[in-house]
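A look at the structure
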Amino acid sequence: MLYYYLFFSVVFIPLTIIFYQIIPKRFRWVMLLLASIGFYFTFSYYLFVFLIFSTAVTYCTGRILERVSNNKKNALKLLKENKELASDKEAMKKSKADVKAKFQKKSRLILTVGIILALSTLLYLKYYNFFAENINSWFGSKANPEILPIRTLALPLGISFYTMQAISYLVDVYWGKYEAQKNPFKLLLYLCFFPTIIEGPIALYSDMKDRLYVGNSIDPDNIVRGFTRFIWGIMKKLVIADRLSPAVTLLFDPGHKTKGFEVIAAAVLFTVMEYMDFSGCMDMVIGIARMFGITLPENFRQPFLARNASEFWRRWHISLGVWFKTYIFYPVSMSGLSKKWGKIARGKVNKHLTRVVASAIALLPVWLCNGLWHGPKWTYIFYGVFYFVVIVLELLLEPVGDGILKRLHTSKENKVVNVIRILKTWIIIFTGELFFQAYSLKEGFRMLGDIGHGFKISSLWNGDALTWGLDLYDWLVVLIMLIVVIIINLIREKGVDIPDALLHRPLVLRWALLLMLLMVITIFGCYGPGFEEVDLIYAGF
């Protein structure tokens, strides 16, 4: 059962809202938990055991970390009350340092074990065959081609998302941001909350702990806001993304030997499809949560208006970027390696280059993990490395760009300069997405190299596009709805909350717009006989 299924919209959500509202406030979180478990079971009930394992590991590790923290506080308190040490400041200082070091070492060991256990199922189920295939390819022989056996493994729903949430929870407990959750069922709800389990967003526990369990009553305004956002997301998925799927499938098929203008079309169409699919799903889940009065973090903020690669990733899959920034980039940037580089470079290397290298040290693990997180494919790893190289180059060449603008007596805020920077970022985005979707790394380079072979811009109007699995009617629907999405995004870029703005419009106008959107989905949506169901893209990650 997916978010855009009719049963979900007209049965599951209304019944969940009704039962949520009629039960006592303190038990409403239980209703959300039951709904989340029921939702998960519609995909696979036996794989739920992996989620239970992850929850158990996260809960126990968090409680142990908190106990160690409390023991440290008690030990420091006893030291403070020791009258003999109190008179000797140096001895007291040394004793405190020894106590802190002892308990920190213990906490780090517990945290490390907890993270390894939390990652164990993800690493085995998602990446075992990838590493086995590569080891067999590199080290296998004719006599023994299969050093490691290839296994048939099932991947639990949302494992990449709930594993990252579990790790962030443990690290935050270790850092002392909040107390460990004492109720394991509340922790389970945080990890498997049904709007976020399929594709996120990756919600940090610090953002969710005061929202999931409060049990506020259903607010009609939240229903309107949430429902508006929900059907907007369905439109983006069913009307635009799924309609583009046949063209994307054809153009990325290695047997098609895509070349010339088709390569550019493939990269652009997949990027549009991926954005409409993923951001559409985010609109759905944010809208669903809003119906219950729960605010989820935004995952997209008009990414195609970004002026460089770094800004693009601050606007695209925001929750993933925040996770990597918080739990990999900052710790690495404060690590001994970064500090060692700072000492080596001080007085020997100019400040800009020192800063770029320090950033590169912290960015490399971020982008390697970003690529691997998307899946066990070399194209995904290359995708991560590609953005690492692009972002480091942008940092390195920033003074050059500033110097050119200064000579031209203009600035980055100039409208023409902004347009040029946005177009330059589009080239980066489309190139990255070309490799992201390519069948293999070799095929990605082949497609990129064949752009100049038989390049004809006339493919836009000479009928070639009608051979990609879409007819003129399909292209017109995509074009019109894309224009609508672009207008809405430009309005949102100006800070306008559209669902909120609708609430302040006359009731007749609100209902007319909602009914119009429902009609667009009903008439132009890709579902039913004649259409192949297209899975949510990021559900596979």
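Small disclaimer: the values here were computed from a predicted structure and weren't measured. Along each chain, residues carry numbers from 1 onward, in the same order as the chain's sequence is written. At least 70 in pLDDT is required for a residue's local features to be given in this predicted model, at least 80 for side-chain atom pairs to be given and counted, and no such filter applies to totals for whole chains, interfaces and linings, which use all residues. In computing side-chain values, all of the structure's heavy atoms are included and hydrogens and water are not.

Thoughts on the confidence of the model for the protein chain
Residue-level confidence of the predictor is what pLDDT reports, using numbers from 0 through 100. The predicted model of the protein chain has a mean per-residue pLDDT of 91, with 99% of residues at 70 or higher. The helix and strand labels rest on DSSP assignments: H or I over at least four residues marks a helix, E over at least two residues marks a strand, and numbering proceeds from the N terminus. By mean pLDDT, helix H4 (residues 83-86) is the weakest element of the protein chain at 61, and helix H7 (residues 184-192) is the strongest at 97.

Section: the pattern of salt bridges
One speaks of a salt bridge when a side-chain nitrogen belonging to Lys or Arg is within 4 Å of a carboxyl oxygen belonging to Asp or Glu. For the structure on display, the rule yields 22 salt bridges. Ionic pairing is found between Asp-210 and Lys-209, a salt bridge with its closest N-O pair at 3.6 Å. Sharing partners across several salt bridges, the network here consists of Arg-229, Lys-236, Asp-283, Glu-298 and Arg-492.

A closer look at unusual backbone geometry
Most peptide bonds are trans, and most residues other than glycine sit at a negative phi. Cis geometry marks the peptide bond from Gly-200 to Pro-201; its omega dihedral reads 5 degrees. You can see Pro-201 is positioned in the loop between H7 and helix H8 (205-208).

Comments concerning a nonpolar patch on the surface
Residues Leu-353, Leu-364, Leu-368, Val-385, Val-389, Leu-393, Leu-396, Leu-397, Val-400, Ile-404 and Leu-408 make up a contiguous nonpolar surface patch of about 880 Å² in total accessible area. At the level of elements, helix H14 (351-374) and helix H15 (378-407) are the ones that each hand at least two residues to the nonpolar patch. Per-element accounting of the nonpolar patch gives the leading share, seven residues, to H15. Position of Ile-404 among the secondary structure elements: in helix H15. Under the scheme applied here, a residue whose accessible area is under 20% of the maximum for its type counts as buried, over 50% as exposed, and between as partly exposed, the area being computed with a 1.4 Å probe on protein chains only. Classification of Ile-404 by relative accessible area gives partly exposed; the value is 47%. Here a patch means residues that are over 30% exposed by relative accessible area and free of salt bridges, tied together within 9 Å if like-charged and within 5 Å if nonpolar (Val, Leu, Ile, Met, Phe, Trp, Tyr). With residues, only the protein chains shown are counted as cover, and all accessible areas are computed by Shrake-Rupley using a 1.4 Å probe.

A closer look at the nonpolar core
Put simply, a nonpolar core is a bunch of buried Ala, Val, Leu, Ile, Met, Phe, Trp, Tyr and Cys residues held in one set by side-chain atoms that sit within 4.5 Å of each other. With 151 residues, the main nonpolar core has Tyr-3, Phe-8, Phe-193, Phe-194, Met-235, Phe-292 and Tyr-387 as its most contacted residues. In terms of residue count, helix H10 (residues 261-291) provides more of this core than any other element does, 20 residues in total.

A few points about the side chain of Glu-311
Looking at where Glu-311 falls in the secondary structure, it is placed in helix H11 (residues 309-315). According to the relative accessible area criterion, Glu-311 is buried, its value standing at 8%. Any two residues whose heavy atoms approach within 4.5 Å are treated as being in contact. In contact with Glu-311, not counting residues within four places along its chain, are Leu-305 and Ala-306.

As for helix H17 (residues 441-449)
Since the α-helix turns once every 3.6 residues, residues separated by three or four places project in the same direction. The set of residues buried in H17 consists of Glu-443, Gly-444, Arg-446 and Met-447. Buried positions in H17, seen along its axis, are confined to an arc of 165 degrees and lie on one side of it. Elements that come into contact with the buried residues of H17 comprise helix H9 (220-251), H10 and helix H16 (415-437). Our arc is simply the arc of the directions from the helix axis toward the C-beta atoms.

Regarding the packing of aromatic side chains
Aromatic rings from Phe, Tyr and Trp, taking only the six-membered ring of Trp, are treated as a pair when their centres fall within 6.5 Å; an angle between ring planes under 30 degrees marks them as stacked, one over 60 as edge-to-face, and anything in between as tilted. If you walk through the whole model with that rule in mind, you get 61 aromatic pairs. Considering the side-chain rings of Tyr-20 and Phe-292, the 5.3 Å spacing of their centres and the 80 degrees angle between planes classify their relative orientation as edge-to-face. Of the two residues, Tyr-20 is situated in helix H1 (residues 6-22) and Phe-292 in the loop between H10 and H11; the sequence distance between them amounts to 272 residues. Taking relative accessible area as the criterion, Phe-292 reaches 2% and is therefore assigned buried. When the centroid spacing of 5.1 Å and the interplanar angle of 90 degrees are considered together, the rings of Phe-278 and Phe-300 count as edge-to-face. In this pair, Phe-278 sits in helix H10 while Phe-300 sits in the loop between H10 and H11, placing the two residues 22 residues apart along the sequence. Phe-300 shares its class with Phe-278; the two are buried. Sitting over a ring, as applied to charges here, requires NZ of Lys or CZ of Arg to be within 6 Å of the ring centre and within 35 degrees of the ring normal. The ring of Trp-373 has Lys-126 sitting right over it, with the charged end atom 5.7 Å from the ring centre.

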